[in-house]
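Listed below are the residues making up each chain.
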Amino acid sequence: MILSIIIVNWNTHALLHALLTTLVPHLQQDQAEIIVVDNASEDGSAAMVAADFPEVTLIQNAQNVGFARANNQALTVAQGRYLLLLNTDTLVPPGAIEGLLHFMDTHPAVGACSPRLLTAEGQPQAFAFGDDPTPAYLLRRGLWRLLLKRPLHDWGVAQVLEVAWVAGTCLMLRREALARVKGFDEAFFMYFEDVDLCRRIRHHGWKICYVPTVAITHLGGQSLQQNPAAQDVYYESLRSFYGRHYPPSFRLWLVLGLMIYQRMKALP
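All of these numbers come straight from a predicted model, not from anything done at the bench.

The helix and strand tally for the chain stands at nine helices and eleven strands. On C-alpha atoms alone, the chain measures out to a radius of gyration of 19 Å, which is about the 18 Å that the 2.2 N^0.38 rule sets for 268 residues. Over its C-alpha atoms, taken along the principal directions, the chain stretches across nearly 55 × 40 × 35 Å. Within the span of the chain, comprising 268 residues, buried residues form 50% of the whole. In the chain, 78% of the contacts between residues at least 6 apart in sequence involve partners at least 24 apart. Averaging the positions of the 21 positive and the 23 negative side-chain charges in the chain gives two centres separated by 13 Å.

Below, the structure is given as structure tokens:
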């Protein structure tokens, strides 16, 4: 088996159906498989997969266990040499998956990679990649945004980049690299589980690459500014990340830095 495509779903019936309709006809069953993990959806998603896509492996959870744990469930049964984690709110054009597979085949030192993420309007999506969220990095990013009114990174970059992390929206992993880190840290329910995973893969000697020569569309992934509840979860996950990877002095800086940053955002 060359490829296992893993899709975690929670109440995205229409998006999931559209994505599977695109993927299933183009997969050779002896070379690729699709695994859907349904996190206790209430919109009939699981029944739809079972009825309309019997060739897809379906894992049904009795409750929403989060993104990290659901992916780990699929990883325990996946057979592929490569594993592609794919969000339901993505549009995958012909040749995109093949492009990522070719990149991984020709770059054996790479443990994980992702394509360019495009918004529904066709623009490069922000925060598709980044550096380790150290105090110095977060300070630079905040200053660029607050003072210079522009992002620290060029989201429209054209060349392949070696980076600290790439988004889990469409994340291709090498099985050997994933085996070394034993999958996702399930303490992350949502946000930063991809940053944490990439960091641990890097620390085992593998490279992480952003591959803008391949592109998919991500219909979600928009700003957190309009969703205060999601912002709270985001910052809680960031604090959890610091607790796992950085010394206490960094964690104190984070608390103070977030207080200052949020107050500056509130200024007229």
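Resuming the write-up.
Taking burial as the measure, the twelve residues of strand 11 (residues 207-218) include nine buried ones, the bulk of the element. Where strand 5 (residues 90-91) and strand 11 come together, two bridges link them in antiparallel fashion. Its bridge partner being in strand 11, Leu-91 is matched across the sheet by Thr-217. Relative to strand 11, strand 6 (residues 110-118) runs parallel, the two sharing eight bridges. Paired with Leu-118 across the two strands is Thr-217, which belongs to strand 11. Pairing between strand 8 (residues 161-162) and strand 11: two bridges, direction antiparallel. Its bridge partner lying in strand 11, Glu-162 is registered against Cys-209.

Attention now moves to the nonpolar core. Residues Ile-5, Ile-7, Leu-20 and Ile-34 are the most contacted members of the largest nonpolar core, which totals 82 residues. With residues up to four places along the chain from it excluded, the contact list for Leu-20 reads Ile-7, Pro-25, Ile-34, Val-36, Val-49, Phe-53 and Val-56.

Turning next to helix 7 (residues 193-202). The buried fraction of helix 7 is high, at nine of ten residues. Of the residues making up helix 7, those classed as buried are Glu-193, Asp-194, Val-195, Asp-196, Leu-197, Cys-198, Arg-199, Arg-200 and Ile-201.

Take the environment of Thr-22 next. With respect to the helices, strands and loops of the structure, Thr-22 is situated in helix 1 (residues 13-23). Judged by relative accessible area, which is 35%, Thr-22 ranks as partly exposed. Separated by 72 residues in the primary sequence, Thr-22 and Pro-94 have C-alpha atoms spaced 9.0 Å apart. Side-chain polar atoms of Thr-22 contact the backbone oxygen of Ala-18, separated by 3.1 Å.

Together, Leu-139, Leu-143, Leu-147 and Trp-253 give the surface a local cluster of nonpolar side chains, amounting to about 360 Å² of exposed area. With three residues, the top contributor of residues to the nonpolar patch is helix 5 (residues 135-148). Among the structural elements, Leu-143 can be located in helix 5.

Okay, the packing of helix 1 against helix 2 (residues 45-52) next. Interhelical geometry of helix 1 versus helix 2 gives an angle of 25° and a closest axis separation of 9 Å. Judged by the angle between their axes, helix 1 and helix 2 are roughly parallel. In the packing of helix 1 onto helix 2, the handedness of the crossing is right-handed. Every residue of helix 2 that contacts helix 1 at His-13, Leu-16, His-17 and Leu-20 is listed here: Ser-45, Met-48, Val-49 and Asp-52. For the contact of helix 1 with helix 2, the residue count by class is four nonpolar, three polar and one charged.

What counts, and at which threshold
Residues numbered from 1 in each chain as written. Predicted model: local features only at pLDDT ≥ 70, side-chain atom pairs only at ≥ 80, totals over all residues. Heavy atoms only, no water. Helix = DSSP H or I, 4+ residues; strand = E, 2+ residues; numbered from the N terminus. Rg over C-alpha atoms; globule rule 2.2 N^0.38 Å. Buried < 20%, exposed > 50% of the residue type's maximum accessible area, 1.4 Å probe, protein only. Contact = heavy atoms within 4.5 Å. Lys, Arg positive; Asp, Glu negative; His and termini not counted. Charge placed at Lys NZ, Arg CZ, Asp CG, Glu CD. Pairing = 2+ DSSP bridges. Core = buried A, V, L, I, M, F, W, Y, C linked by side-chain atoms within 4.5 Å. Polar contact = N/O pair within 3.5 Å; in protein donor to acceptor, adjacent residues only side chain to side chain. Patch = residues over 30% accessible without salt bridge, like charges linked within 9 Å, V, L, I, M, F, W, Y side chains within 5 Å. Areas by Shrake-Rupley, 256 points an atom, 1.4 Å probe, with all protein chains shown as cover. Salt bridge = Lys/Arg side-chain N within 4 Å of Asp/Glu carboxyl O. Axes fitted to C-alpha atoms, helices over the stretch in contact; angles between N-to-C directions. Parallel < 35°, antiparallel > 145°, perpendicular 65-115°, else oblique. Left-handed = near helix turned anticlockwise from the far one by under 90°. Nonpolar A, V, L, I, M, F, W, Y, C, P; charged D, E, K, R; others polar.

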